[in-house]
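# Observations on the three-dimensional arrangement
Single-letter residue listing:
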Amino acid sequence: MSQSNLFTLMVVIPLIFSQSHSAKEKDCVCELQNSGPAFPVNKLNNVEFTATQCTWNITSEKMTEVDRLVLGLQHRIRQLLDNVSMLEKEDNGNLYAAVSLRIIELELAEIQDLLDKLNRTTNSYQQLSVQAAAELQDMENTMTELEKFDHMQVMVKQRENQRIKRDLEHCKAELNSTSPAPTLSPGHCGLGSMVNVSGPKTYSLTVYGTSYSFGAWGRDANPAPGDENKYWLVVLSSSNAFGNFIRQYSSLSTIILGIGPTDTYISSSNPTTNTIQGPNMVMYSNALYYNCYNTYSVCRFNMTTRSVSTVALPSDTGYNNKFPFGHLATSYSYTDMDFATDESGVYVIYATTSNYGNVIISKVETSNPPVFNQTWFTSLHKKTVTNTFMVCGVLYATRYVDKEIEEIFYTYDTKTNEERYDLRIHIKKLQTNIKYINYDPRDNLLYVFSDAYIATYEISFSKFTD
């Protein structure tokens, strides 16, 4: 038998025999032989090395490089079209037209350079894709070969357990989406009752990184013509509690990539009078609604005129962390006021001492200055809640379950004044804490800010006819 297929284990055991006049010591030698093939450690090392190389070669930066080039190319082409249009209007054969023509020639050259770079990058990624596919196939073949050494079938049982787990999750998802939900009035939007939240559909770390874990984002729930595709982002850059500007992006791709933003400042100082306090805010009709700094007032910041108008809530309204959102492990700083949008407009959610810290909902008329319309009082204590949002006139409240799950457990219907505490809809979290949640009636998505990550979730509704 060859040396590679045989190993010898010698065990030496001292034995002592007792006699009446002397003791003699002897050794017992045991020899164990392995008749099977030796485990090919080198092959396993090669698989680990190849996997590491793939990780180095395929990075998120490389995957987004093509998107950046395409967005840059689109921007340059739009600029070129504008310049050509201007030249056509002003071409009278003078020196100005000649200069404009030269500028257009330079822009065409830059666009050609971008196209060449895009082609080179695309070809490089195609080669990388082919190479990675071949390496992955080799690794799969090697691991299949190495699995023959798994005589106790650990891998087979592990795969079976994973399959069973996937089947159970699939079954659970189908059950949640098809089982009868509690009877809830869905208002008059024709959506039906909420029965499930799935996702995240999209998610990304903000350009600010993990240092800033409080903020908000979304779309204007009632945008002006031409602004339908814009997204806004506010990160509380001062003490994770205060903000003084709104960052806007032209599309979902640009906000995910963090490129091409436009910043609109409320004030050059942060914090100061009428700047943003806390992560709860919404955009409606080109105006941002939020808690004014160090007051119990609602601020309305007009994005076009850059002017602020305010309206005060009752004088016993909680602010400066009197009635914040949170759970047993933590409270969310400066979340005394929450803001929500639905199909009918803007709401502010807050608590007062006269209502024993329970949630109050007030409809905000989006005038300048804003005014409050109808108000509803609930029995839900605000400090037991992590977030609220409105859908079709119904308030939904969430609570912390564990690091992975947030639960929508409560509803208040503003049309029937009916409260329910028996809703059990789970949200799978990206991070431990969801600091912001709001519903967009235009796409029926939930926009979430979770410990520096932005994400969207899809809502499923039961069938309903008004």
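The structure under discussion appears in the preceding block.
A short tour of the structure in this document, coming up. (Residues numbered from 1 in each chain as written. Predicted model: local features only at pLDDT ≥ 70, side-chain atom pairs only at ≥ 80, totals over all residues. Heavy atoms only, no water.)

## Quick word on the nonpolar core
Ranked by size, the top nonpolar core spans 60 residues in total, and within it W232, L233, I246, M281, L288, Y289 and I361 carry the most contacts. Look past the residues within four positions of Y289 in its chain and what remains in contact with it is N280, M281, V282, Y284, V298, C299, R300, F339, V346, V364, T366 and P370. Formed by 19 residues, the second largest nonpolar core is a distinct cluster that contains V394, I434, Y439 and Y457. (Core = buried A, V, L, I, M, F, W, Y, C linked by side-chain atoms within 4.5 Å. Buried < 20%, exposed > 50% of the residue type's maximum accessible area, 1.4 Å probe, protein only. Contact = heavy atoms within 4.5 Å.)

## Considerations on the pairing of strand β18 (residues 371-381)
Here six bridges tie strand β17 (residues 358-365) to β18, and the two strands are oriented antiparallel to one another. Bridging from a neighbouring strand, E365 pairs with V371 of β18. Between the antiparallel neighbours β17 and β18 lie five residues. (Pairing = 2+ DSSP bridges. Helix = DSSP H or I, 4+ residues; strand = E, 2+ residues; numbered from the N terminus.)

## Structural notes on unusual backbone geometry
Residue P200 is reached from G199 by a cis peptide bond, and omega for that bond is 10 degrees. By the element assignment, P200 lies in strand β3 (residues 194-205). The linkage connecting N270 with the following residue, P271, adopts the cis geometry, with an omega of 0 degrees. Locating P271 in the fold gives a position in the loop between β8 (262-265) and β9 (276-284).

## Brief notes about the environment of A397
If you trace the backbone, A397 turns up in strand β20 (residues 394-400). Given a relative accessible area of 0%, A397 falls into the buried group. A397 sits 24 residues away from Y421 along the chain, and the two C-alpha atoms are 9.4 Å apart. In contact with A397, other than residues within four places in its own chain, are L380, V385, N387, T388, E407, I408, F409 and Y410.

## Considering the sheet that holds strand β6 (residues 242-243)
Ordered by their spatial adjacency, five strands build an open sheet running β6-β9-β10-β11-β12, and the pairing between neighbours is antiparallel. Of all strands in the sheet, those with a lone pairing partner are β6 and β12 (308-312), marking the two edges. As paired elements, strand β11 (residues 297-302) and β12 share five bridges and run antiparallel to each other. Looking at β12, one finds that R300 is bridged to S309.

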